[in-house]
Amino acid sequence: MKYCQEDARIVSKNKITSDVFDFVISCSQSAALAQPGQFVNILADGFTLRRPISICEIGQGTLRLVMQVRGDGTARIAEKNVGDRLDIVAPLGHGFEIDRSKRAVLVGGGIGAPPLLELSKRFDACTAILGFRSADAMILQNDFEKNCETVITTDDGSAGICGFVTQPLEEMLRSGRADVVLSCGPTPMLRNVAGLCKKYGTPCQVSMEQRMACGVGACLVCACKTKSGMRHVCKNGPVFDAAEVKWDEQA
Amino acid sequence: MNRLKTVICGVEFKNPVIAASGSYGFGREYNEFYPISEIGGISCKGTTLEPRDGNAPPRVAETPCGMLNAVGLQNPGVRHFVEKEVPWIKEQGTVCIANIAGNAVEDYAEAAAVVNDSAVDMVELNVSCPNVKHGGMQFGTTCAALSEVVCAVRKNLAKPLIVKLSPNVTDITELARAAADSGADALSLINTLLGMRIDIRTRRPVLRNNMGGFSGNAVFPVAVRMVWQVKNAVNIPVIGMGGITDYKQAVEMMMAGADAIQVGTANFTDPFAMPKIINGLQRYCEDNGIGNIGEIVGTVRAW
């Protein structure tokens, strides 16, 4: 079995910013199969399409999901409380490739930070560079700091370095302190991260986002154009080799 | 007693519940949830003579009680389908229906010739895809174009031929008669309704293709109405689909005139939608003393 449908119970719930919720759900089958970078497809009551949410941490029989309310479907999921059930299909997709001896740099933008947290425990040495709009949108800083060196950037300078994640990333790449880069965030950020890694010849894996339906690779809606042809974020991804992605054809 | 056994055009289905084209790929992904041998059959992802990349994303949008899609017939081409997918589906033990589409009448005819030499059990002609610029729906919205493509395919195809009708027409019974008169052995309906959503912040259509095919539970009453109209207009089997999410709706669709049903969008909401519908139909037959589900087909007592 690669994935399953499971009736998960919400173990804890915290609101960590104005629109980001931190859930831990009990789901023994999915948790046993889950790998960093995979996602959970959650049924929002009354909606036709499930909402794909990345896995933030993998526990003993539990998964931690840190999700942002983006629209009506995610808002419905965020209404759920401790003890409530979530109908999930998980774990889905192809996650990150991990070689723990490599010096990794994890680059997260906004709600792209959560899927990198599990990774931060899986390398002997790694640095996280996390970019946010502003200090009040910052998430998971303390969690990352427990596991690895953590650099924060904000667009407005209200926390950490004023600017984008690409500034500290380029310093690390230029000084040869990165063997591999693993990244998740908005597509424009991923495009820039991929461009820098290409410039310095550093392997880079990116976790892409796209609207989905089935979540398992049957319906073909979550298309991602790559150099080896059309691929799908739910099955071939969400994690792709950045060198494979056709960046000029990503919206 | 096999209460759900259904025969359409000489092809035996263990139950009348078929996966709708485009929602279920070639069955491999859903075989992780349950053995796909449990379902009556698969109408495979639409295939074309040559491989296609499909449309740019986003290709999907949520709607009240439904969704829009604009995949644009992405598929690996009919030869790949016949060589790599059909043998696997037949090994699993379910009915394999090829769904073929094209840009031109010749493409349909040639693709039909390729699947005719395969282990495919039946062919469903997709003349109603709303998501491609050329081909697709244009063949399914006028009687003359529909007759031409059905006749051309018929010449190259000895296997049973199902024509999948578009609901985006004024009078679907005219198209149903045209297909039947041109050699269709059965009809399936409805394909998706043409729809559109707009993001009010960006004033952009949600779909990169602007318009897309509307499906899901919201379209169910439209589908029931059209199946009922078509059943009364032709004397060939009808396969009903459009928004079916549970066994009660499957029963309703069969009472309207469907000899079998297809399930598409419901698979996304619940990957076990089809096994649940099959179990529900089994219980329905047992509880109501129905020896075979075929007994309810077309039994609506219209006013």
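Keep in mind that what you see is a predicted model, and the values were worked out from it rather than measured. (Residues numbered from 1 in each chain as written. Chains lettered and ligands numbered in written order. Predicted model: local features only at pLDDT ≥ 70, side-chain atom pairs only at ≥ 80, totals over all residues.)

Colleague: How should I be thinking about the overall build of chain A in this particular structure?
Modeller: The helix and strand tally for chain A stands at six helices and 16 strands. Over its C-alpha trace chain A gives a radius of gyration of 17 Å, about what one expects of a compact globule, namely 18 Å for 251 residues. Dimensions along the principal axes, computed over C-alpha positions, put chain A at roughly 50 × 40 × 35 Å. Within chain A, the proportion of its 251 residues that are buried is 53%. Relative to all contacts within chain A whose residues are 6 or more apart in sequence, the contacts with residues 24 or more apart total 57%. (Helix = DSSP H or I, 4+ residues; strand = E, 2+ residues; numbered from the N terminus. Rg over C-alpha atoms; globule rule 2.2 N^0.38 Å. Buried ≥ 20, exposed ≤ 12 C-beta atoms within 10 Å, placed from the backbone. Contact = placed C-beta atoms within 7 Å.)

Colleague: Would you take a moment to explain the interface of chain B and chain A for this structure?
Modeller: One frequent convention defines the size of an interface as the accessible area lost when the parts assemble. Taken together, the contacts link 28 residues of chain B with 25 residues of chain A. Elements represented by at least two residues in the side of chain B that touches chain A include exactly strand E5 (60-63), strand E6 (66-69) and helix H7 (266-269) of chain B. Residue classes in the side of chain B that touches chain A are distributed as 12 nonpolar, 11 polar and five charged. (Nonpolar A, V, L, I, M, F, W, Y, C, P; charged D, E, K, R; others polar.)

Colleague: Explanation requested: unusual backbone geometry in the structure shown.
Modeller: Only a minority of non-glycine residues have a phi that is not negative, and only a minority of peptide bonds are not trans. Backbone torsion omega between A:Gly237 and A:Pro238 reads 10 degrees, so that peptide bond is classified as cis. If you trace the backbone, A:Pro238 turns up in the loop between strand E15 (229-232) and strand E16 (239-241). B:Leu189 connects to B:Ile190 through a cis peptide bond whose omega is 10 degrees. As for its placement among the helices and strands, B:Ile190 is situated in the loop between strand E10 (186-189) and strand E11 (193-196). With a phi angle near 65 degrees, A:Leu140 is a residue other than glycine that sits in the positive phi range. Along the chain, A:Leu140 falls in the loop between strand E9 (125-132) and helix H4 (141-147). Here A:Leu140 falls in the buried class, since 22 other C-beta atoms lie within 10 Å of it.

Colleague: I'm lost on the domain arrangement of chain A in this one. Help?
Modeller: All names here are of chain A. Taken as a whole, chain A is organised into domain 1 (4-92) and domain 2 (103-249). With centres defined by C-alpha atoms, the gap from domain 1 to domain 2 works out at 21 Å. Across the contact, 19 residues belong to domain 1 and 19 residues belong to domain 2. Those elements that place two or more of their residues in the side of domain 1 that touches domain 2 are strand E3 (39-42), strand E4 (51-54), strand E5 (57-58), strand E6 (62-68) and strand E7 (85-92). Grouping the constituent residues of the side of domain 1 that touches domain 2 by class yields 12 nonpolar, five polar and two charged. (Domains from an automatic or database assignment.)

Colleague: Can you help me understand the pairing of E10(B) in this one?
Modeller: Consecutive residues of a regular strand have side chains that alternate between opposite faces of the sheet. Residues and elements named next belong to chain B. Residues Ala186 and Ser188 point to one face of E10 and Leu187 and Leu189 to the other, with burial holding for every one of them. Taken together, strand E9 (residues 161-164), helix H4 (residues 172-181) and E10 form a β-α-β motif whose crossover is right-handed. In terms of strand pairing, E10 meets strand E15 (residues 238-241) through three bridges, oriented parallel. Counterpart to Ser188 in the pairing with E15 is Ile239. (Right-handed = clockwise from strand over helix to strand, strands pointing away. Pairing = 2+ DSSP bridges.)

Colleague: Could you clarify how one ought to interpret the packing of helix H3 (residues 143-156) of chain B against H4(B) in this entry?
Modeller: Residue and element names in this part refer to chain B. Close contact between H3 and H4 brings their axes to 9 Å; oriented N to C, the two are set at 25 degrees. In terms of orientation, H3 lies roughly parallel with respect to H4. Note that H3 runs across H4; the crossing there is right-handed. Contacts between H3 and H4 pair Cys143, Leu146, Ser147 and Val150 from the former with Glu174, Leu175, Ala178 and Ala179 from the latter. (Axes fitted to C-alpha atoms, helices over the stretch in contact; angles between N-to-C directions. Parallel < 35°, antiparallel > 145°, perpendicular 65-115°, else oblique. Left-handed = near helix turned anticlockwise from the far one by under 90°.)

Colleague: How should the sheet that holds E6(B) be read in this particular structure?
Modeller: Hydrogen bonds between backbone atoms are what pair the strands of a sheet, whose relative direction is either parallel or antiparallel. Residues and elements named next belong to chain B. Judged by pairing direction, the sheet is antiparallel, and its four strands sit side by side in the order E5-E6-E14-E11 without closing on themselves. Among the strands making up the open sheet, the edge pair consists of E5 and E11. Direction aside, the axes of adjacent strands within the sheet are offset by 40 degrees on average. By the bridge criterion, four bridges tie E5 to E6 in an arrangement that is antiparallel. The partner of Val60 across the bridge, within E6, is Asn69.

Colleague: I would appreciate a short explanation of the nonpolar core in the present structure.
Modeller: Taken as a class, soluble globular proteins show a tendency for nonpolar side chains to be buried jointly. Within the largest apolar cluster, 185 residues are counted, with the highest numbers of intra-cluster contacts made by A:Val193, B:Val123, B:Leu187, B:Val227 and B:Ile261. In terms of residue count, the dominant contributor to this core is helix H5 (residues 220-231) of chain B (seven residues). Domain assignment of the residues forming this core places at least three in each of domain 1 (4-92) and domain 2 (103-249) of chain A. Residues contacting B:Ile261, with those up to four places away along its chain left out, are B:Pro16, B:Val17, B:Ile18, B:Ile239, B:Gly240, B:Met241, B:Ile244, B:Ala250, B:Met253 and B:Met254. (Core = buried A, V, L, I, M, F, W, Y, C linked by C-beta atoms within 7 Å.)

Colleague: How should the sheet that holds E4(A) be read in this particular structure?
Modeller: Residues and elements named next belong to chain A. Taken together, seven strands build an open sheet; the order of strands is E4-E3-E7-E1-E2-E6-E5 and the sheet is antiparallel. Edge positions in the open sheet fall to E4 and E5, since each of these has one partner strand only. Direction of pairing for E3 relative to E7: antiparallel, over a ladder of three bridges. Within the sheet, the bridge partner assigned to Phe39 lies in E7 and is Leu92.

Colleague: What exactly am I supposed to notice about helix H2 (residues 105-116) of chain B here?
Modeller: Since the α-helix advances by 3.6 residues per turn, residues separated by three or four positions end up pointing in the same direction. Residue and element names in this part refer to chain B. Over its 12 residues, H2 extends 16 Å from the first C-alpha to the last, a length consistent with the 16 Å expected when each residue adds 1.5 Å. Looking only at H2, the buried set comprises Asp107, Tyr108, Ala109, Ala111, Ala112, Val114 and Val115. Contacts made by the buried residues of H2 are with helix H1 (78-92), strand E7 (95-100), strand E8 (122-126) and H3. (Expected span 1.5 Å × (residues − 1).)

Colleague: Teacher, can you tell me more about the pairing of E9(B) here?
Modeller: All names here are of chain B. In E9, alternate side chains face the same way, and those of Leu161 and Val163 on one face and Ile162 and Lys164 on the other are all buried. With four bridges joining them, E8 and E9 adopt parallel strand pairing. Counted as the bridge partner of Val123 is Leu161 from E9. Bridge analysis of E9 against E10 gives three bridges, and the strand direction is parallel. Bridged to Val163 within E10 is Leu187.

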